[in-house]
Amino acid sequence: MTNQLLKGDALKILPTFDAESFDALITDPPYASGGVTAAARAQAPLRKYVQGGGPHLHADFVCDERDQRAHLRWMHLWLTECARVLKDGAPVLLFTDWRQLPLTTDALQLAGFTWRGITVWDKTEGVRPQLGRFRNQAEYIVWGSKGHMPLQRRAPVLPGVIREPVRKADKHHLTGKPTALMRQLVRICEAGGRILDPFAGSGTTLVAAAAEGFCCAGIEMTDHYAKVARARMSQRS
Ligand SMILES: C[S@@+](CC[C@H](N)C(=O)[O-])C[C@H]1O[C@@H](n2cnc3c(N)ncnc32)[C@H](O)[C@@H]1O
C-alpha cells in the first residue's frame with residue numbers, strides 16, 4: 001500500500017476510507033487554544049501562538065478558532081469517523097495542551113474509545129521563560145484504543161515522558177512537532193501497520209511513520225502545508 005497525503009477537509013475525506021483499514025490514529029489536531037479568555041482563543045494561530053514581532057517563519061493554518069462547545073462537537077464528529085476506519089484494538093494518540101486536556105479526554109471517550117493514559121512531551125528548557133511562573137514546557141498526548149488492547153501486541157514498551165526540543169531546522173509548521181518525537185510515538189502501532197493522521201500539517205507523523213517502516217495516510221486542508229507535507233514525504237522516497 002502506498003503512503004498518501006490527501007488535500008482537503010478531514011470530515012469530507014475520512015468517510016471515503018474503507019472501514020477497519022487503519023492500525024493506529026496518531027494526530028495533532030488544531031487545539032483551538034491560546035490565551036486565557038475566549039477572545040484570545042478566537043484569534044488566528046499566527047497571532048495567538050507566535051510571540052514577538054518580526055517576520056514570521058511559518059504560514060498560518062485553518063480551523064483553530066472555535067469556542068469550547070463547537071470544538072468539542074467537531075472533535076466528536078471526526079473522532080467518530082476515525083473509529084469507523086480503525087481496526088479493533090487500534091491505538092489512538094491525540095496531541096493537546098494544558099487548556100484543552102479535559103476537552104480532549106472527553107472527546108476521545110465520547111467517540112467511543114477507551115482512554116488509557118497521558119504521555120508527556122517535555123519540550124525542554126528551550127521554551128520562553130516567564131518570571132514568577134512555571135515554565136510552560138509540556139504538551140500532552142492523550143492516548144487510548146478502539147476497545148480492548150491486548151498486552152501481547154507486536155509493539156515495544158514506550159516512554160511515559162519524551163524529552164525533545166523543537167529545533168529550527170526540523171520545524172516545518174507553525175506548531176510542528178519534532179520528527180524524533182514522532183518517531184518514538186509511531187512505535188505504538190503494531191509492526192507493519194498502517195497509520196492515519198487526518199491533521200497532517202507539514203507531514204511529520206507521516207515522515208516518522210515511513211522512517212519507522214509503517215504505511216501511512218494523511219489529510220491536510222491548508223494548501224501550503226499540504227504541499228510541504230508532500231515534498232517532505234517525497235524526499236524520503
Ligand atoms: C497542529 S497542526 C499539525 C502539525 C503537524 N503535527 C506537524 O508537525 O506539521 C494541525 C493541522 O490541521 C489542519 N487542519 C485543520 N482543520 C482541518 C480539517 N478540517 N481537515 C484537514 N486538516 C485540517 C491545519 O491546517 C493544520 O495544518
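All of these numbers come straight from a predicted model, not from anything done at the bench.

**What to know about the sheet that holds strand β6 (residues 161-163)**
Spatially, 8 strands are ordered β1-β8-β7-β2-β3-β5-β4-β6 in an open sheet, and the strand pairing comes out mixed. On the outer flanks of this sheet lie β1 (4-7) and β6, each paired with one strand and no other. On average, adjacent strands in this sheet sit at an angle of 20° to one another, irrespective of strand direction. The strands that helix α4 (residues 68-85) touches are β2 (24-27), β3 (91-96) and β7 (194-197); relative to β2, the one it contacts most, it runs at about 150°. Here helix α5 (residues 101-110) sits on the sheet and contacts β3, β4 (114-122) and β5 (138-145); the angle it forms with β5, its principal contact strand, is near 15°.

**Digging into the packing of aromatic side chains**
Counted according to the given criterion, the structure contains 5 aromatic pairs. Ring plane angle 65° and centroid distance 6.0 Å describe the contact between W74 and W78, whose orientation is recorded as edge-to-face. In this pair, W74 and W78 are both assigned in helix α4, 4 residues apart and thus about one turn of the helix distant. Exposure remark for W78: the relative accessible area of 0% places this residue in the buried category. By way of ring pairs, the aromatic residues W74, W78 and F199 are connected into one cluster.

**Things to note about the site of the ligand**
In the vicinity of the ligand, 23 residues are found, and the nearest of them are D28, S202, T204, E220 and T222. In the environment of the ligand, an oxygen atom lies 3.0 Å from a nitrogen or oxygen atom belonging to the backbone of K177. Between the ligand and E220, the relevant distance is 2.5 Å, taken from an oxygen atom to a side-chain nitrogen or oxygen of the residue. A total of 610 Å² of accessible area belongs to the ligand in isolation, and the protein chains cover 99% of it. Class assignment of the residues belonging to the shell around the ligand gives a composition of 11 nonpolar, 8 polar and 4 charged.

**Thoughts on the nonpolar core**
Proteins that are soluble and globular tend to have nonpolar side chains buried together. Formed by 28 residues in total, the largest nonpolar core has its most connected members in L14, F17, L25, W78, L79, F113 and L196. Secondary structure elements with two or more residues in this core: α1 (10-13), α4, β3, α5 and β8 (215-220). Top contributing element to this core by residue count: α4, with 7 residues. Leaving out residues up to four positions away in the same chain, L196 has contacts with L14, F17, F22, A24, L25, I26, C82, V85 and A217. Core analysis: the next-biggest nonpolar cluster, separate from the first, contains 26 residues, I26, I195, A226 and A229 among them.

**Some thoughts on the state of the cysteines**
The bond known as a disulfide is covalent and runs between the sulfur atoms of two cysteines. One pass over the structure, following the stated rule, counts 0 disulfides. Between C82, a free cysteine, and C189, which holds the nearest cysteine sulfur, the sulfur-to-sulfur gap is 14 Å. Since its relative accessible area comes to 0%, C82 is described here as buried. Looking at C216, it has no disulfide partner, and the nearest cysteine sulfur is the one in C215, 7.3 Å off.

**Structural notes on empty space enclosed by the protein**
Inspection of every chain in the model, using the stated rule, returns 1 cavity of 30 Å³ or more. Considering only enclosed or pocket space, the largest cavity measures out at about 40 Å³ in volume. As for the largest cavity, its lining consists of P29, P30, Y31, H71, M75, F95, T96, Q100 and T104. Looking at the lining of the largest cavity, the elements that each hand over two or more residues are α4 and β3. In the lining of the largest cavity, the residues fall into 5 nonpolar, 4 polar and no charged.

**Quick notes on unusual backbone geometry**
Phi at E20 is positive, roughly 50°, even though this residue is not glycine. With phi around 50°, A32 is a residue other than glycine that occupies positive phi space. Take A32: its relative accessible area is 0%, and that puts it in the buried class.

**Some remarks on the UniProt feature "domain: DNA methylase N-4/N-6" (unreviewed entry) in the protein**
Mapped onto the present numbering, the UniProt feature "domain: DNA methylase N-4/N-6" (unreviewed entry) falls at residues 23-148 and 168-229. Counting secondary structure, residues 168-229 comes out at 35% helix and 16% strand; the distance between its end C-alpha atoms is 17 Å.

Reading the values: rules and limits
Residues numbered from 1 in each chain as written. Predicted model: local features only at pLDDT ≥ 70, side-chain atom pairs only at ≥ 80, totals over all residues. Heavy atoms only, no water. Pairing = 2+ DSSP bridges. Helix = DSSP H or I, 4+ residues; strand = E, 2+ residues; numbered from the N terminus. Axes fitted to C-alpha atoms, helices over the stretch in contact; angles between N-to-C directions. Contact = heavy atoms within 4.5 Å. Phe/Tyr/Trp six-rings, centres within 6.5 Å; stacked < 30°, edge-to-face > 60°. Buried < 20%, exposed > 50% of the residue type's maximum accessible area, 1.4 Å probe, protein only. Near = heavy atom within 4 Å. Polar contact = N/O pair within 3.5 Å; in protein donor to acceptor, adjacent residues only side chain to side chain. Areas by Shrake-Rupley, 256 points an atom, 1.4 Å probe, with all protein chains shown as cover. Nonpolar A, V, L, I, M, F, W, Y, C, P; charged D, E, K, R; others polar. Core = buried A, V, L, I, M, F, W, Y, C linked by side-chain atoms within 4.5 Å. Disulfide = S-S within 2.5 Å. 1 Å grid on protein atoms, 1.4 Å probe; cavity = no way out; pocket = protein on both sides within 12 Å on 5 of 7 lines; lining within 4 Å. Points joined across faces, edges and corners; volume = space filled by probe spheres on them. UniProt positions renumbered as here; feature names shortened; annotations may be inferred.

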